[in-house]
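What follows is the residue order along each chain.
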Amino acid sequence: MKKDGMKILAGNWKMNTTPEEGIALLEGLSNSLTKDTVGEVKVVIAPPTIHLIPMVEKLWENSEIAIAAQNCHYEDSGAFTGEISAKMLLHSEVDAVILGHSERREYYNETDELVALKVKAALKNHLIPIVCVGENLKQRKAGTFLDNTWSQLNIALSGLSSEELNDIVVAYEPIWAIGTGEVATPEQAQEMHCFLRKMLSEKFGNSDLPIIYGGSCKPSNADEIFAQPDVNGGLIGGASLNADDFTSLVKKLNNS
Ligand code: PEP
């Protein structure tokens, strides 16, 4: 049994759903994710930015689902066309923000140093940063994946105190498993989560933060992954767009 408050299931909708489709999906999830179903799982949904405010308003009466953004800028305001600041998210009652997702690193050249600035901005604005790290296939094959992933995390969290780590969620997402249908084995996930925890303990004196797994996680493969002692839940892409699949994942995590 994992510790209280340490089971998290986050859905990353990426650039999917029109406003109507998004609200319909959220309604489906609100209906199925009752207090009983959710149990001790913290459920987080990260819709496209344009859905954030309507969804926060829609969920006003439902405390079972928290809302996250998929990215933010590190400055509070300024001449950054097309960007959204952590401060704006805070003032929109958003709870969390996904940072450093591999798609943003790959398509928008986000570096570890940029992710670190965003993490600090998120914490300053009382958002929970969900910090994504994970190796690519070349690094996995070369056997350097543990060091590569720790290096990303170490830089992303640089300058934070042990106490500040209490407000961080780490998402281990091997790039070769994201959206590919190829999932890490439960042993591969456990090895990385355990290693990151050990390194966090050595560097920051705090290993008590949730570390969730992401990469083609779905109802058919989740049980064994969630059963791993150092896996605190999942960051779910494709399967979060289906209310039945996502609800099933919440139940599985609650029972893990
Ligand atoms: C993700 O993008 O964070 C992710 C885990 O996607 P998928 O579940 O589709 O692999």
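This text follows the structure it describes.
Sequence positions are assigned chain by chain, starting from 1 and proceeding in written order. Totals for whole chains, interfaces and linings use all residues, but because this is a predicted model, local features are given only for residues with pLDDT of at least 70 and pairs of side-chain atoms are given and counted only at 80 or more. Side-chain descriptors were evaluated using all non-hydrogen atoms of the structure, hydrogens and water having been removed beforehand.

## Regarding the overall build of the protein
Piece 1. Secondary structure counts use DSSP, requiring at least four H or I residues in a row for a helix and at least two E residues in a row for a strand, with both numbered from the N terminus. The helix and strand tally for the protein stands at 11 helices and eight strands.
Piece 2. Compactness check: the protein gives a C-alpha radius of gyration of 17 Å against a globular reference of 18 Å for 256 residues, within 12% of the reference.
Piece 3. Expressed along its principal axes, the backbone C-alpha trace of the protein runs to roughly 45 × 45 × 35 Å.
Piece 4. Contacts: residue pairs with any heavy atoms within 4.5 Å of one another. Pairs at least 24 residues apart make up 73% of the contacts formed inside the protein by residues separated by at least 6 positions.
Piece 5. Only the protein chains shown count as cover for residues, with accessible areas throughout obtained via the Shrake-Rupley method and a probe of 1.4 Å. Of the roughly 11,600 Å² of accessible surface on the protein, 51% is carried by carbon and sulfur atoms.
Piece 6. Residues counted as positive are Lys and Arg, residues counted as negative are Asp and Glu, and His and the chain ends are not counted. Charge positions come from single atoms, namely NZ of Lys, CZ of Arg, CG of Asp or CD of Glu. With 22 positive and 35 negative side-chain charges, the protein shows a spacing of 3 Å between the two charge centroids. The globule rule used here is 2.2 Å times the number of residues to the 0.38 power, and the radius of gyration it is set against is calculated over C-alpha atoms.

## Topic: the sheet that holds strand β7 (residues 211–214)
Piece 1. At least two DSSP bridges between two strands are needed for those strands to be called paired. Read once around its circumference, the closed barrel built from eight strands follows the order β1-β2-β3-β4-β5-β6-β7-β8, with strand pairing classed as parallel. Neighbour-to-neighbour, the strand axes of the sheet open up by a mean angle of 25 degrees, direction not taken into account.
Piece 2. As defined by bridge partners, strand β1 (residues 7–12) adjoins strand β2 (residues 41–46) across six bridges and the pair is classed as parallel. Across the sheet, the residue bridging to L9 is V43, located in β2. Structural elements are reduced to axes, namely lines fitted to C-alpha atoms, with helices fitted over the stretch in contact, and the angle between N-to-C directions of any two is expressed from 0 to 180 degrees.

## Details of the site of the ligand
Piece 1. Contacts to the ligand come from 14 residues, most closely from K14, H101, E173, G179 and S216.
Piece 2. One of the backbone N or O atoms of G237 is found 2.8 Å from an oxygen atom in the ligand.
Piece 3. Considered class by class, the residues forming the shell around the ligand number four nonpolar, eight polar and two charged. Nearness here has a simple test: a residue counts as near a molecule or strand if at least one of its heavy atoms is within 4 Å of that partner. Contacts described as polar in this section are N or O atom pairs within 3.5 Å, which, within protein, must combine one atom able to donate a hydrogen with one able to accept it, while residues neighboring in sequence count only if both atoms come from side chains. Throughout this entry, Asp, Glu, Lys and Arg are counted as charged residues, while Ala, Val, Leu, Ile, Met, Phe, Trp, Tyr, Cys and Pro are counted as nonpolar. The remaining residues, Gly among them, count as polar.

## Side note on the pattern of salt bridges
Piece 1. Criterion for a salt bridge: a side-chain nitrogen of Lys or Arg within 4 Å of a carboxyl oxygen of Asp or Glu. Applying the stated criterion across every chain yields a total of 11 salt bridges.
Piece 2. Here K7 and E40 are joined by a salt bridge, their closest N and O atoms 3.9 Å apart. Note that K7 is positioned in strand β1 and E40 in the loop between α2 (35–38) and β2, a separation of 33 residues in sequence.
Piece 3. Across the pair K252 and D223 runs a salt bridge, and its minimum N-O distance is 3.0 Å. Here D223 lies in helix α10 (residues 219–226) and K252 lies in helix α11 (residues 243–255), a separation of 29 residues in the sequence.
Piece 4. Judged by relative accessible area, D223 falls into the partly exposed class, the value being 45%.
Piece 5. Beyond isolated ion pairs, a larger network of salt bridges with shared partners links R104, E110 and K118. We call a residue buried when its accessible area falls under 20% of the maximum for its residue type, exposed when it is over 50%, and partly exposed in between, using a 1.4 Å probe and counting protein chains only.

## Side note on the pairing of β1
Working note: regular strand, side chains alternate between the two faces of the sheet.
Piece 1. Buried residues dominate β1, accounting for six of its six residues.
Piece 2. Here β1 shows a buried face lined by K7, L9 and G11 and a second buried face lined by I8, A10 and N12.
Piece 3. Here β1 pairs with strand β8 (residues 233–236) via four bridges, running parallel. Bridge pairing in β8 places A10 opposite L235.

## Brief notes about helix α9 (residues 186–204)
Piece 1. Its 19 residues give α9 an end-to-end C-alpha distance of 26 Å, which sits within 8% of 27 Å, the value for a rise of 1.5 Å per residue.
Piece 2. Buried within α9 we find P186, A189, Q190, M192, H193, F195, L196, R197, M199, L200 and F204.
Piece 3. At the C-terminal side of α9, G205 shows a positive phi close to 65 degrees. One fewer than the residue count of a helix, multiplied by 1.5 Å, yields its expected span.

## Re the packing of aromatic side chains
Piece 1. In this scheme Phe, Tyr and Trp rings, the latter by its six-membered ring, pair at centre separations within 6.5 Å, and the angle between planes marks the pair as stacked below 30 degrees, edge-to-face above 60, and tilted otherwise. According to the stated counting rule, one finds one aromatic pair in the structure shown.
Piece 2. For a lysine, the NZ atom is tested; for an arginine, the CZ atom; a charge sits over a ring if that atom is within 6 Å of the ring centre and within 35 degrees of the ring normal. Geometry around F145 places R140 over its ring, the cationic atom sitting 3.6 Å from the centre.

## Overview of the packing of α10 against α11
Axis angle and axis distance: for two packed helices, these are the angle between their axes and the distance between the axes, and together they describe the pair.
Piece 1. Where α10 meets α11, the axes come as close as 10 Å, and the angle between the chain directions of the two elements is 20 degrees. By the angle class used here, α10 and α11 are roughly parallel. The chirality of how α10 crosses α11 is right-handed. On α11, the residues touching P219, A222, D223 and F226 of α10 are D245, S248, L249, K252 and L253.
Piece 2. Residue composition of the contact of α10 with α11, grouped by class: five nonpolar, one polar and three charged. For classification purposes, angles smaller than 35 degrees are called roughly parallel, those larger than 145 roughly antiparallel, those between 65 and 115 roughly perpendicular, and all remaining angles oblique. If you view the pair so one helix is near and one far, a crossing is left-handed when the near helix is turned anticlockwise from the far one by less than a right angle, and right-handed when it is turned clockwise.

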